[in-house]
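# Secondary and tertiary structure notes
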Amino acid sequence: MSVEVARDRAVAVVTIDRQDALNALNVETLTDLRDRLRELSIDNGVRAVVLTGAGEKAFVAGADIKYMSGLEPDAAKGWGGLGHETGRLLETMAKPTIAAINGFALGGGCELALACDIRYASRRAKLGQPEINLGIVPGWGGTQRLARVCGIGVAKELIFTGRTVDAEEALRIGLVSAIADPVLDKAVETAHELAGKSSLALALAKRLVNMSPGALDTEADEFGELFSSADAQEGLTAFAEKRAPKFLGR
Ligand code: CAA
C-alpha cells in the first residue's frame, strides 16, 4: 500500500509512503490517495483528517516528473483531473483536513497541502511551486489556492520564480499556520481538538469560508439557519451555564 490510513478515535491520519521518490505521486499512489479520501469523506466515525508523508525528508515532492515527461495533452488533462479531484476532496469534505508538512512539499505536494484547511510545518520543511522550472505550471489547484491563501502578489512571485521557501518564510507569508516538531503530533492534537467541536457547525464554517467573498448573503442566511440546530442551542446554553457542551451533530 502506498497510502496508509491509521485511526485514532475520531481522527484519521493518512500517510503517503513512496519514500524512494520522496513521496512523489505517480498514478497508483495518487489514485490510492483519492480513493482513501473518498472513503474518509463519507465515514461518519471520522471527524478530522490529517495528511502527511512517510519518512523524515518529504511530505510530497510533487507529481511524478518521470511519469509526466512522456504525457500527451489528453493524458496530461486526465492526470490534472485526478489531482484536482483529490484536492477537492480535501477542500470540500465536511470535516477539517490538516496537512502535517514533514519535509519537501513541492509542486503537487504544496498544492495538496494548500487544499487542506490547515497547514503546519516542521522546521525542516521546504515548500514551493517549482513547476516553472520544468516548463509547466501548477496543475492541481496551486494557481488559485496559493493566491487565495497568501495573496496574489506572493503567489505570482513564487509561481513565476519557482523558488522554494523554508518553514520560517512559509509562516511569515501565511502559507502555514505554525512550525512544530514533531509536526504530526501538533496536527493530531489540533485534529482531536476539532473533533470535539460541533461537527455541524464546523462543516458549515468550512463551507462558508470556502465560498467567495460574494457569499456574504449566504453566510447571513446560513448563520440564522444554524440556530435551529440542537448543537447551537447546546453550545450557547452551555456557555451561559459554565459547563462543557455536548454536541450531537444535529
Ligand atoms: N518525481 C519523480 N521523482 C522524484 C521527484 C518527483 N517530483 N522528486 C524526487 N524524486 C526522486 C528523485 O528522482 C530520486 O530518485 P532516484 O534516486 O531514482 O534518482 C529520489 O526521489 C531522491 O531525490 P533526490 O536525489 O533528487 O533528492 P535530493 O535531496 O537531492 O533533492 C529535491 C530533493 C530538491 C526535492 C529534488 O528531488 C527535486 O527537485 N525534486 C523535484 C521537485 C519538483 O520539481 N516537484 C514538482 C513536480 S511538478 C508538479 O508537481 C506538477 C503539478 O503541479 C501537479
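Presented here is an overview of the structure given in this document. This structure is a prediction, so every number in the text was calculated from the model and none was measured. The numbers attached to residues start from 1 for each chain and follow its sequence in the written order. A pLDDT threshold of at least 70 governs which residues receive local features in this predicted model, and a stricter bar of 80 or more applies before side-chain atom pairs are shown or counted, although totals over entire chains, interfaces and linings include all residues. The side-chain numbers reported here are obtained from all heavy atoms of the structure, hydrogens and water having been left aside.

### Topic: the sheet that holds strand 5 (residues 97–101)
In any sheet, the strands associate via hydrogen bonds between backbone groups, in a parallel or an antiparallel arrangement. Definition in use: Between any two strands, pairing holds if DSSP finds at least two bridges. Counting from the N terminus, the helices are the DSSP runs of H or I reaching at least four residues and the strands are the DSSP runs of E reaching at least two. In this analysis, two residues are considered to be in contact whenever any of their non-hydrogen atoms come within 4.5 Å of each other. Angles shown run from 0 to 180 degrees and are taken between the N-to-C directions of axes, each axis being a line fitted to C-alpha atoms and, for helices, limited to the stretch in contact.
Spatially, 1-2-3-5-7-10 is the arrangement adopted by the six strands of the open sheet, whose pairing is mixed. Only two strands of the sheet have a single neighbouring strand rather than two, namely strand 1 (3–8) and strand 10 (178–179). Pairing between strand 3 (residues 48–53) and strand 5: four bridges, direction parallel. Of the residues in strand 5, the one forming a bridge with Leu 51 is Ala 99. Against the sheet, helix 4 (residues 108–115) contacts strand 3, strand 5 and strand 7 (118–121), and its axis sits at roughly 145 degrees relative to strand 5.

### Section: the site of the ligand
Selection rule: Whether a residue is near a molecule or strand depends on its heavy atoms: if one lies within 4 Å, it is near. Any N or O atom pair separated by 3.5 Å or less is treated as a polar contact, with the protein-specific requirement of one donor-capable and one acceptor-capable atom, and with residues adjacent in sequence counted only for side-chain atom pairs. Throughout, the ten residues Ala, Val, Leu, Ile, Met, Phe, Trp, Tyr, Cys and Pro are labelled nonpolar, Asp, Glu, Lys and Arg are labelled charged, and all others, Gly among them, are labelled polar.
Close to the ligand lie 23 residues; Ala 63, Lys 66, Gly 108, Glu 111 and Glu 131 are nearest. Taking Ala 63, its main chain carries an N or O atom lying 2.9 Å from an oxygen atom of the ligand. Between the ligand and Gly 108 there is a distance of 2.8 Å, counted from an oxygen atom to a backbone nitrogen or oxygen. Secondary-structure elements contributing two or more residues to the shell around the ligand are helix 2 (65–68), strand 6 (104–106) and helix 4. For the shell around the ligand, the element with the most residues is helix 2, which contributes three residues. Class assignment of the residues belonging to the shell around the ligand gives a composition of 13 nonpolar, four polar and six charged.

### Here's the deal with the side chain of Arg 36
How we decide: Whether a residue is buried, partly exposed or exposed follows from its accessible area with a 1.4 Å probe, protein chains only, as a fraction of its type maximum: under 20%, in between, or over 50%, in that order.
Within the secondary structure, Arg 36 sits in helix 1 (residues 27–41). Its relative accessible area of 15% is what places Arg 36 among the buried residues. Of the polar contacts made by the side chain of Arg 36, one reaches the side chain of Asp 32; its length is 2.4 Å.

### A look at the pairing of strand 3
To keep it simple, the criterion reads: By definition, the crossover connecting two strands over a helix is right-handed if that path, from the first strand to the second, turns clockwise as seen with the strands pointing away from the viewer.
Strand 3 sits mainly inside the fold: six of its six residues count as buried. Burial along strand 3 is two-sided: the face carrying Ala 48, Val 50 and Thr 52 and the face carrying Val 49, Leu 51 and Gly 53 are both buried. Where strand 2 (residues 11–16) meets strand 3, six bridges bridge the pair, whose relative direction is parallel. Bridge pairing in strand 3 places Val 11 opposite Ala 48. As a crossover connection, the stretch from strand 2 through helix 1 into strand 3 is right-handed.

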